[in-house]
Amino acid sequence: MPEQQPNQPSNDEQKKLPHPVFDWRPLLFTAVLFISYYMATLGGATAPEAIAYSAFKEMVSHGQVSSITLKGKEIRGAKIGATSQKDARYFTSMLPDIDDPTLIPLLEQHHVEIVAKSTESPLWLTMIISIVPWILIFALFAYSNRALQSRMGGNGGGMFGFSKSKAKLYEKMDIGITFDEVAGLESAKIDLREVIEYLIQPEKFRKLGASLPRGILMMGPPGTGKTLLAKATAAEAGVPFFSVSGSEFIEMFVGVGASRVRDMFSEAREKSPSLIFIDEIDSVGRVRGTGMGGGNDEREQTLNQILAEMDGFSTDDAVVVLAATNRPDVLDPALMRPGRFDRKVTLELPQKKARLKILGVHSRKKPIANDVDLEHYAARTIGYSGADLENFVNEAALHAARFNKQEIDHEDFEYAHDKIMLGSVGQEIINNDDKKRIAYHEAGHAITALLSPNSDAVTKITIVPRGRSLGMTETLPSEDRVNYLQDFLEERLRILLGGRCAEKLALGQVSTGAADDLKQCTRLARRMVTQWGMNEKLGPVNFPQHEEHPFLGMEMAQPKDFSDHTARLIDEEVQQLVSRSEKETSQLLSDNRTLLDILANALLEQETLEHDEIKKVLGDHYPMA
Ligand code: ADP
Ligand code: ZN
């Protein structure tokens, strides 16, 4: 059973970072020019044979040479009968530095035609040769300057346009997002309403001497609507909105970021009242002096400049700075001092009700068929961010469009759900043995779940391979749980092992297909033992383990502060818990072998079964869990 975490990156349109790509075109152009120039000076495709001066004279005295061309010290000669320049009978030689008084008489004696040519290149060639390099150098310079500038986002100002602020300015009318379009996030909206009031009527606050909000830090996982909320705040207040990402301040020259900050703030002050939004503040606002993340000087200068600008707000400036981050843990505490980002707004992943609202917002302008129950999908999308939900509705719409439908229906939503949760449909399994094994595996998960009284309902089983998984059994939590009982967790262990146990029971052997299940199962068992005090022997003691970052899903190292003896005991207890669960699951499945067979066969036939179909297939056998 794969994880139910959506792993879709949030589609954040503010994150288009310019890529500093080296352009090879000017260099290539130069190279081609030089090569062609050298080819031209070499002349002709086949170089004539070069012979010694003595050999040349020998040939003349034997009457083999018809004509020569002299150009400086260079001799170019043709043997008798040579016709074209490419003729192999052409040759070259060099005159010695010492004058040879016998040469001319010898040539005349043998009636060799003598042509003398000036050693100077024609004027036009000389000019080109001397000018071309300059043109090239100039072109290269102009080109790189322009490339640099466009990367810097400056408009005009040449080499001196570096510091121009990169912030995108949106005037009030071009935002077009209101709080209506932001679903859920009620507490964040309440905090921001105050900011809006202040931006609309700064004088009112000033007269009363109320201390004014300057910086607000929005914290939350990616895609929870931080950017959206900042835009909506500006739009509701009807003020200009400057949007910039922290990473955009960092360029290759120290000091550029700081001067950009200065530019942006002075522009915002000019347009006051106005709102500045700094996305990914953590990219400049990490704890200073840790030596993390490279380019420290630049980062620190930029951060210091932001702080200095915020400290320097006078009471006349009605400029509010909103900053967003999904790593509040790494921020420099100096950012959070009074007068800076002293207010915090936390955005959580949406709960079911909020998810329904977000789905509503994003399907508002789309034709949705009657057989689509958005509430059902709100329940099934635990862990989805606002951006994931938007993506979900969009995938459904794309699917409907692909099949030329007038409305987006149940099938499209199912497709989108599976795609986001599990990835695109993979290669079809042709091998019947494999197919049978996968069917039993998934049926094993499903039957174990159906027979678990505390467990969530099974919403879907499929043996269509997707992404990394060969099949999937999806269960639906009836609500977003905040607390899990031990019974529920033990059932969960059994459900995870159900696939493997069913394979062993029905086909006699286990396979590699359960690797992911075992990983999840072991992890859960370990947490039960070490963190939730659910083991008799170890008791209600917390043993720090590697923990996952709350937002980013990466492991964070934790110091181990228990003895090796305890570590061994933990391993033993985890192992026993999992093994015991396996035995129980095997027993459960062999007691209900009929159910397992019916479901596996139905899966082989239909590949995907949704909740109602499972009920129908199992009929009277369907356990009333
Ligand atoms: P963040 O800045 O937190 O990474 P964004 O504000 O860029 O996230 O959100 C990305 C998209 O997800 C938004 O453009 C919006 O369409 C959608 N979205 C996120 N949260 C919500 C919400 N609460 N209501 C409606 N749409 C949302
Ligand atoms: Zn499995």
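Residues numbered from 1 in each chain as written. Chains lettered and ligands numbered in written order. Predicted model: local features only at pLDDT ≥ 70, side-chain atom pairs only at ≥ 80, totals over all residues. Heavy atoms only, no water.

Caption draft 1: Structural detail: the overall build of the protein. For the protein, the helix and strand inventory stands at 20 helices and 16 strands. Expressed as a percentage of its 625 residues, the buried residues of the protein come to 43%. When contacts within the protein are restricted to residue pairs at least 6 apart in sequence, those whose partners lie at least 24 apart make up 73%. Carbon together with sulfur atoms contributes 55% to the accessible area of the protein, which is approximately 33500 Å² in total. (Helix = DSSP H or I, 4+ residues; strand = E, 2+ residues; numbered from the N terminus. Buried < 20%, exposed > 50% of the residue type's maximum accessible area, 1.4 Å probe, protein only. Contact = heavy atoms within 4.5 Å. Areas by Shrake-Rupley, 256 points an atom, 1.4 Å probe, with all protein chains shown as cover.)

Caption draft 2: Quick look at helix H2 (residues 53-61). Along H2, the residues classified as buried are Tyr53, Phe56, Met59 and Val60. Burial along H2 is one-sided: seen end-on, the buried residues are contained in an arc of 120°. Residues of H2 that are buried make contact with strand E2 (65-71), strand E3 (74-79), strand E4 (90-94) and helix H3 (103-109). Just downstream of H2, Gly63 is the residue with a positive phi angle, here 70°. (Arc of directions from axis to C-beta.)

Caption draft 3: Just the nonpolar core, in detail. Within the largest apolar cluster, 44 residues are counted, with the highest numbers of intra-cluster contacts made by Ile447, Leu599, Ile614 and Leu618. Every element with two or more residues in this core is listed here: helix H15 (432-450), strand E12 (457-462), helix H16 (486-507), helix H17 (515-530), helix H18 (564-591), helix H19 (593-606) and helix H20 (611-618). Of all hydrophobic cores here, the second largest spans 28 residues; its members include Val182, Ala188, Ala230 and Val239. (Core = buried A, V, L, I, M, F, W, Y, C linked by side-chain atoms within 4.5 Å.)

Caption draft 4: Inspection of the pairing of strand E8 (residues 241-245) at higher detail. Within E8, 5 of the 5 residues are buried, which leaves it mostly tucked inside the rest of the structure. Every second residue of E8 is oriented toward a common face, with Phe241, Ser243 and Ser245 on one face and Phe242 and Val244 on the other, all of them buried. Here E8 runs beside strand E9 (residues 274-279); their pairing, made up of 5 bridges, is parallel. When the sheet's bridge partners are listed, Phe241 is paired in E9 with Leu275. (Pairing = 2+ DSSP bridges.)

Caption draft 5: The packing of H15 against H18, seen in detail. With their axes 10 Å apart at the nearest point, H15 and H18 run at an angle of 90° to one another. Relative to H18, the element H15 lies roughly perpendicular. Across the interface between the two elements, Gly444, Ile447 and Thr448 of H15 pack against Thr585, Leu588 and Leu589 of H18. Broken down by class, the residue content of the contact of H15 with H18 amounts to 3 nonpolar, 3 polar and no charged. (Axes fitted to C-alpha atoms, helices over the stretch in contact; angles between N-to-C directions. Parallel < 35°, antiparallel > 145°, perpendicular 65-115°, else oblique. Nonpolar A, V, L, I, M, F, W, Y, C, P; charged D, E, K, R; others polar.)

Caption draft 6: Geometry of unusual backbone geometry. The omega torsion across Ser272 and Pro273 is -5°, close enough to zero to call that bond cis. Here Pro273 shows up in the loop between helix H8 (256-270) and E9. In this structure, His111 takes a positive phi of about 55° despite not being glycine. Looking at the element boundaries, His111 is found in the loop between H3 and strand E5 (113-117). Overall, His111 belongs to the exposed group, its relative accessible area being 70%.

Caption draft 7: Quick peek at the pairing of strand E13 (residues 472-476). With 5 of 5 residues buried, E13 lies mostly within the body of the structure. A two-sided burial pattern is seen for E13, the buried positions comprising Met472, Glu474 and Leu476 on one face and Thr473 and Thr475 on the other. Alignment of E12 against E13, held across 5 bridges, turns out to be antiparallel. Bridge pairing links Val458 to Thr475 in E13.

Caption draft 8: Summary view of the sheet that holds E12. Strand order in the open sheet formed by 3 strands is E13-E12-E16, and the pairing between neighbours is antiparallel. Both outer strands of the open sheet, E13 and strand E16 (608-610), are each paired with one neighbouring strand and no more. On average, adjacent strands in this sheet sit at an angle of 20° to one another, irrespective of strand direction. Lying on the sheet, H20 is in contact with E12 and E16; it crosses E16 at an angle near 95°.

Caption draft 9: Looking closely at the packing of aromatic side chains. The full count for this structure, using the stated rule, is 10 aromatic pairs. On the basis of an interplanar angle of 20° and a centroid distance of 6.2 Å, the ring pair of Phe241 and Phe277 is categorised as stacked. You can see Phe241 sitting in strand E8 and its partner Phe277 sitting in strand E9, a full 36 residues away along the chain. Phe277 shares its class with Phe241; the two are buried. (Phe/Tyr/Trp six-rings, centres within 6.5 Å; stacked < 30°, edge-to-face > 60°.)

Caption draft 10: Expanded view of the confidence of the model for the protein. Looking at the protein as a whole, its pLDDT mean stands at 81, while 82% of the residues score no less than 70. Ignoring residues within four places in sequence, the model shows residues 1-21, a span with pLDDT below 50, making 52 contacts including any to other chains. Segment residues 152-163 is flagged for pLDDT under 50; beyond a separation of four residues in sequence, or across chains, it makes 23 contacts in the model. (pLDDT = per-residue confidence, 0-100.)

Caption draft 11: The sheet that holds strand E1 (residues 49-50), seen in detail. The strand order across the open sheet formed by 5 strands is E1-E4-E3-E2-E5, and the pairing between neighbours is mixed. The two strands at the open ends of the sheet, each matched to only one other strand, are E1 and E5. Relative to the sheet, H2 contacts E2, E3 and E4, its axis offset from that of E4 by approximately 130°.

Caption draft 12: Geometry of the packing of H16 against H17. Where H16 contacts H17, the axes come no closer than 9 Å and their chain directions differ by 160°. Considering their axes alone, H16 and H17 lie roughly antiparallel with respect to each other. Every pair of crossing elements has a handedness; the one defined by H16 and H17 is left-handed. Residues Leu489, Glu490, Arg492, Leu493, Leu496, Leu497 and Arg500 of H16 lie in contact with H17, whose contacting residues are Asp517, Leu518, Gln520, Cys521, Leu524, Ala525 and Met528. Within the contact of H16 with H17, the residues separate by chemical class into 9 nonpolar, 1 polar and 4 charged. (Left-handed = near helix turned anticlockwise from the far one by under 90°.)

Caption draft 13: Geometry of the site of ligand 1. Taken together, 17 residues lie near ligand 1, and Ala183, Gly223, Thr227, Leu228 and Glu390 sit nearest. In the model, an oxygen atom of ligand 1 is placed 2.8 Å from a nitrogen or oxygen of the Gly223 main chain. Backbone polar atom of Ala387 to an oxygen atom of ligand 1: 3.3 Å apart, as the coordinates give it. Within the complex, the protein chains bury 93% of what would otherwise be the 560 Å² of accessible surface of ligand 1. Classifying every residue of the shell around ligand 1 by side-chain character gives 7 nonpolar, 6 polar and 4 charged. The residues that make up the shell around ligand 1 include at least three from each of domain 2 (168-346) and domain 3 (352-421). (Near = heavy atom within 4 Å. Polar contact = N/O pair within 3.5 Å; in protein donor to acceptor, adjacent residues only side chain to side chain. Domains from an automatic or database assignment.)

Caption draft 14: Main features of the side chain of Lys189. Looking at the secondary structure, you find Lys189 in helix H5 (residues 186-200). Within the buried set, Lys189 has no salt-bridge partner at all; the shortest N-O distance to an opposite charge, 4.1 Å, is to Glu186. (Lys, Arg positive; Asp, Glu negative; His and termini not counted. Salt bridge = Lys/Arg side-chain N within 4 Å of Asp/Glu carboxyl O.)

Caption draft 15: Region of interest: a nonpolar patch on the surface. Together, Leu123, Met127, Ile131 and Ile135 make up a nonpolar patch on the protein surface, roughly 410 Å² of accessible area in all. Summarising the element assignment, Met127 is placed in helix H4 (residues 123-152). Residue Met127 is classed as partly exposed on the basis of its relative accessible area, which comes to 47%. (Patch = residues over 30% accessible without salt bridge, like charges linked within 9 Å, V, L, I, M, F, W, Y side chains within 5 Å.)

Caption draft 16: Spotlight on the environment of Ala318. In this fold, Ala318 is placed in the loop between helix H10 (296-311) and strand E10 (319-325). Here the alpha-carbon distance between Ala318 and Pro202, two residues 116 residues apart in the chain, equals 6.5 Å. Setting aside residues up to four positions removed in sequence, Ala318 forms contacts with Tyr198, Leu199, Pro202, Arg206, Ser272, Pro273 and Ser274.

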